[in-house]
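For reference, the chains in residue letters:
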Amino acid sequence: MLRLCIPCDSVARAVGADEVADSLLREAERRQLPIELLRTSSRGLYWLEPLLELEGPEGRLGFGPLTAADVPSVLDALAGNAGSHPLALGPVEEIPYLKSQQRLLFARAGITRPLSLEDYRARGGFEGLDRAIALGGEATVAAVLDSGLRGRGGAAFPAGIKWRTVREAGAGQKYVVCNADEGDSGTFADRMLMEGDPFLLIEGMAIAGLAVGASMGYVYVRSEYPDAIDTLNQALRIAREAGYLGANAGGSGRAFDLDVRVGAGAYICGEETALLDSLEGKRGTVRAKPPLPALQGLFGLPTLVHNVLTLASVPIILARGAQFYRDFGMGRSLGTMPFQLAGNIRHGGLVERAFGLTLRELVEGYGGGTASGRPLKAAQVGGPLGAWVPPAQFDTPLDYEAFAAMGAMLGHGGVVVADDSLDMARMARFALQFCAEESCGKCTPCRIGSTRGVEVVDRLIASTNAAAREEQAELLRDLCDTLQSGSLCALGGMTSYPVASALKHFPADFGLQTSEADQ
Amino acid sequence: MPDETLHLPLIHSVLEREKDTPGALLPILHAIQDGAGYIPDLAIAEIAHALNLSLAEVRGVISFYHDFRTTPPARHTLRLCRAESCQSMGAERLAAQLREQLELDDHGTSADGQISLRPVYCLGACACSPALELDGRLHARLTPEHLRDLVNGCLEEGSC
Ligand SMILES: Cc1cc2nc3c(=O)[nH]c(=O)nc-3n(C[C@H](O)[C@H](O)[C@H](O)COP(=O)(O)O)c2cc1C
Ligand code: SF4
Ligand code: FES
C-alpha cells in the first residue's frame, strides 16, 4: 500500500491539486495499485505546488510541481526508481528552502490533515492548553509576558500587557476576538494557518479565554477566504464534540466557546475597532482610542483582540516555556515570524524564521530573485500601507525596530517583490486610490485627501515641464505629511509610506529629476 | 424586476433563526444574499423591524460593505485580483484583456447578463500571482490563455 499526500490548501487547489489527486485515484485504480491518499495542509512552498509526497521509511519523498498529466509517469517511477523522475525532489524535509526554516507555528504544515484531531494530538496538539489549565490564569498571562510575544497583526504591541489588562478588568462577561481579516495584499499566513491547522488557533483562543476570564470568542474571517471559513467551522464542531470547547473547555471546569463571523469585503474591518463595530452589526468605522478595546471592546465589554498568528503562537509558548520562545529572534523582536514571499518572485511561499535575517536573505536567498528574471526593482514590505524598499536597503535585518528606523514597517510579514517593469508612480497612485476606496470616512485627510492625492499624481505624471512637475511633487509630499499626522488610524496615516517611498526612491518613474542625494 | 415576495419565506426563516444572535446584522445579510443572490429591497424593512433598527441604519450597513448587492447578480461572477502582488505579475494586462473581450469596465455586467466583473484586493494566493475567483472558485498562476478559456467557458455555457 502506497501512502501519498497532497495538500487540500486552497491555493494548492487553485493551481491544480484536486486534478492531480483525481488523476492519481483513477490511474491507481486502473493499475489496481492499492494507494491511500491523504489530503494534508500545504508546506507553503507554493512554487512546488501541487506537491505530491510519498510516505516512506526514510521520510517523505516529494514530486512537484505536478499536473494531472504527470501522474502516470510518477506512478511508473514509484514502481521502480522514484528518484529518476524529472519532477522528483528527494526527501521534502531536505529541500534547503524548508530545511533552513525555524518552524514553530507552521511545524505541522504540509504534514498533518487539517481536520484530524488524531494528527494534531500526535504532534503536540493541546499540550499548551493542558499546561495552561494546570498553571492557572495568572501564570499563563505571566508566561505570555515573559515570552516577549508581540502582536503579529502589524502594530507589534506586547501581547502579555493586553492579556493582563483584560484579565484585571472587572466585568461579568469578556470576549476574545481573533482578527482574521488578513486584508493586506501579499499576506497569506493567516489563511494557511486557518485552512491547514485550525485546531492550533482554537487551542490558542481557548488558552486566552481561560486566562483572561472570557467565556466567548469570535473569529472574524474575511469573506474572501471561503475555505478557511469552512474548515474553521468544521474544526469548531469537532473540538466542541471532543470537549475542548463548551461548558467544560479542555477539562478546565470553565466555559469557553467560539463562533466564526464572516466579513463583507471591507479592508478597514481589519483595524481592530472597526472590526468590533462590524461584529456588532454596524458599519466598520474606526473608534477613537481610548477607551482601549481591552477595557471597552465588543458590546462595550473587555475584549482581547489579536491576530491569528499571535493567538496561534500561544500554545507553543505554554507547551515549551517562555524561555524557549525568547531564544528565537533579536532585540525586542522575539520568537519566529512567518514571512510571506509574493509578487514577482521565483520561489514564492512561506518562510518561518526567527526575526533578524535580512530582507536580502529572504528575497534573494529563499525567493531566488524575480520570477521574470528581470532586475529586481523593489519590495513592498508589510502590505499595502508598507513602504517600497529599494535593493540598496535590503541588508536591513527583519526586526520591527530596524524597519521603523528606515521609515518602513514589517507589518504582517508580507513581502511583495517587483521587477524593473513595475511603474512606481502607478503604484503610488494605486495606494492613494485604495485608501480612497477603503476609507471608513471618519477623517478628512483620509476621506478627501486620498482622492485629491490621486489627482495630484495624475497631474504630476501628465505635467510636461520640470517646474510644474516639481510643484506637484511638493504638493504630494505635503499631502503625505497631512495624511500621516492628521489621520485617526493607520489607513490614512500610513498610506503615506508607499507613496512617499515611491517618490523618494524612484523619482524617475514620476518624470522627476534624479539627484544623487535621492539615491 | 423579479417578484421579490418570492424571497419572503427565506427572509423570515433567516430572521427567525438569527434575530437573537448578538450583532446579527451581518450574518443575516449574508444568509439572505446566499439564499436569494442579493438583498431584495423588501428584506430591508423586515430586517429593520426584526432588529429594531431604522431603515437608514440597515441601508447604511448594506452600502458600506463591498460584498452586499441589492440587485440580482449575473450568472457568473469573476473577481480578478488587482492588489500589489498580482499587479506585479501582470494583473493589469489581464484586466485590459477582460475589458476588451467582454467590452466591460472593471465593475460591469455583460450585455447578455452572463458574467459580471468585480475587482478584488487580494485572495491570499499571492505566492502564485496573478489570481482570480470565478463563482467562488480560486484560480492562480493565471496566464492570458487560461483567463480566456475560463471566460469562454462561462460565455458558451450561457448560449445553450
Ligand atoms: C487599516 C488597518 C488594517 C488592519 N488590518 C489588520 C488585519 O487584516 N489583520 C490583523 O490582524 N490586524 C490588522 N490591523 C491591526 C489591528 O488594528 C490590531 O492592531 C490587531 O488586530 C491587534 O492584534 P495583535 O496584537 O495580535 O497584532 C489593521 C490595522 C489597520 C490600521
Ligand atoms: S484614517 Fe481613514 S480609515 Fe482611519 S479612521 Fe480616518 S477615515 Fe477612517
Ligand atoms: S495580491 Fe492578488 S492574491 Fe494577493
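Up top is the structure.
Residues numbered from 1 in each chain as written. Chains lettered and ligands numbered in written order. Predicted model: local features only at pLDDT ≥ 70, side-chain atom pairs only at ≥ 80, totals over all residues. Heavy atoms only, no water.

Chemist: So what's going on with the overall build of chain B? Which residues, and what values?
Modeler: Each helix and strand in chain B was counted, giving 7 helices and 4 strands. Listing each helix as α and each strand as β along chain B from the N terminus yields α-α-α-α-β-α-α-β-β-β-α. Along the first, second and third principal axes, the C-alpha atoms of chain B reach 50 × 35 × 25 Å. Among the 160 residues that make up chain B, the fraction classed as buried is 55%. Once local pairs closer than 6 in sequence are excluded, the contacts in chain B between residues at least 24 apart make up 59%. Carbon and sulfur atoms make up 51% of the accessible area of chain B, which amounts to about 7,200 Å² in all. Charge centroids of chain B, computed over 13 positive and 23 negative side chains, lie 5 Å from each other. (Helix = DSSP H or I, 4+ residues; strand = E, 2+ residues; numbered from the N terminus. Buried < 20%, exposed > 50% of the residue type's maximum accessible area, 1.4 Å probe, protein only. Contact = heavy atoms within 4.5 Å. Areas by Shrake-Rupley, 256 points an atom, 1.4 Å probe, with all protein chains shown as cover. Lys, Arg positive; Asp, Glu negative; His and termini not counted. Charge placed at Lys NZ, Arg CZ, Asp CG, Glu CD.)

Chemist: Could you give me a rundown of the packing of aromatic side chains, with the residues and numbers involved?
Modeler: All names here are of chain A. The final tally for this structure, using the stated rule, is 17 aromatic pairs over all chains. A centroid spacing of 5.0 Å and a plane angle of 70 degrees characterise the contact between tyrosine 267 and phenylalanine 434, whose relative ring orientation is edge-to-face. Highlighted residues: tyrosine 267 in the loop between strand 8 (257-262) and helix 12 (272-279) and phenylalanine 434 in helix 17 (residues 424-438), separated in sequence by 167 residues. Among the residues examined, tyrosine 267 registers a relative accessible area of 16% and is labelled buried. Judged by relative accessible area, which is 7%, phenylalanine 434 ranks as buried. Cluster of aromatic residues (ring-pair linked, three or more members): Tyr120, Phe126, Phe199 and Tyr244. Directly above the ring of tyrosine 225 sits arginine 222, whose terminal nitrogen or CZ lies 4.9 Å from the centroid. (Phe/Tyr/Trp six-rings, centres within 6.5 Å; stacked < 30°, edge-to-face > 60°. Lys NZ or Arg CZ within 6 Å of the ring centre and 35° of its normal.)

Chemist: How would you sum up the packing of helix 19 (residues 466-486) of chain A against helix 21 (residues 496-505) of chain A? Please name residues and give values.
Modeler: Residue and element names in this part refer to chain A. Taken N-terminus to C-terminus, the directions of helix 19 and helix 21 make an angle of 150 degrees; their axes are 9 Å apart at the nearest point. In terms of their interaxial angle, helix 19 and helix 21 are classed as roughly antiparallel. Note that helix 19 runs across helix 21; the crossing there is left-handed. Within the contact between the two elements, helix 19 uses Ala473, Leu476, Arg477, Cys480 and Gln484 and helix 21 uses Ser496, Tyr497, Val499, Ala500 and Leu503. (Axes fitted to C-alpha atoms, helices over the stretch in contact; angles between N-to-C directions. Parallel < 35°, antiparallel > 145°, perpendicular 65-115°, else oblique. Left-handed = near helix turned anticlockwise from the far one by under 90°.)

Chemist: Go over the site of ligand 2, please, and point to the residues and values.
Modeler: Around ligand 2, a shell composed of 13 residues is seen, among which Cys440(A), Lys442(A), Cys443(A), Cys446(A) and Cys489(A) lie nearest. Of the residues in the shell around ligand 2, the class split is 8 nonpolar, 4 polar and 1 charged. (Near = heavy atom within 4 Å. Nonpolar A, V, L, I, M, F, W, Y, C, P; charged D, E, K, R; others polar.)

Chemist: For the pairing of strand 12 (residues 336-343) of chain A, give the residues involved together with the corresponding values.
Modeler: Residues and elements named next belong to chain A. Within strand 12, 8 of the 8 residues are buried, leaving the element largely enclosed by the surrounding structure. With 6 bridges connecting them, strand 12 and strand 13 (residues 349-354) associate as antiparallel partners. Its bridge partner being in strand 13, leucine 341 is matched across the sheet by glycine 349. Taking the residues that link successive antiparallel strands as the turn, the strand 12-strand 13 hairpin has 5 residues. Across 4 bridges, the pairing between strand 12 and strand 16 (residues 414-419) is parallel. When the bridges of strand 16 are listed, leucine 341 appears paired with valine 415. (Pairing = 2+ DSSP bridges.)

Chemist: Tell me what's going on with the interface of chain A and chain B, and back it up with residues and numbers.
Modeler: In this assembly, 59 residues from chain A lie in contact with 38 residues from chain B. Regarding the contact of chain A and chain B, the summed buried area is about 3,600 Å², with carbon and sulfur atoms giving 58% of it. The tally of links from chain A across to chain B stands at 2 salt bridges. Of the charged contacts in the structure, one is a salt bridge between Arg426(A) and Glu92(B), with a shortest N-O distance of 3.8 Å. Elements supplying a minimum of two residues to the side of chain A that touches chain B: helix 1 (10-14), strand 7 (216-221), strand 8, helix 12, strand 12, strand 16 and helix 17 of chain A. Residue contributions to the side of chain A that touches chain B peak at 6 residues, all from helix 17 of chain A. Among the residues making up the side of chain A that touches chain B, the classes are represented as 29 nonpolar, 16 polar and 14 charged. (Buried area = accessible area lost by both parts, 1.4 Å probe. Salt bridge = Lys/Arg side-chain N within 4 Å of Asp/Glu carboxyl O.)

Read these as spatial facts, not as claims about activity.
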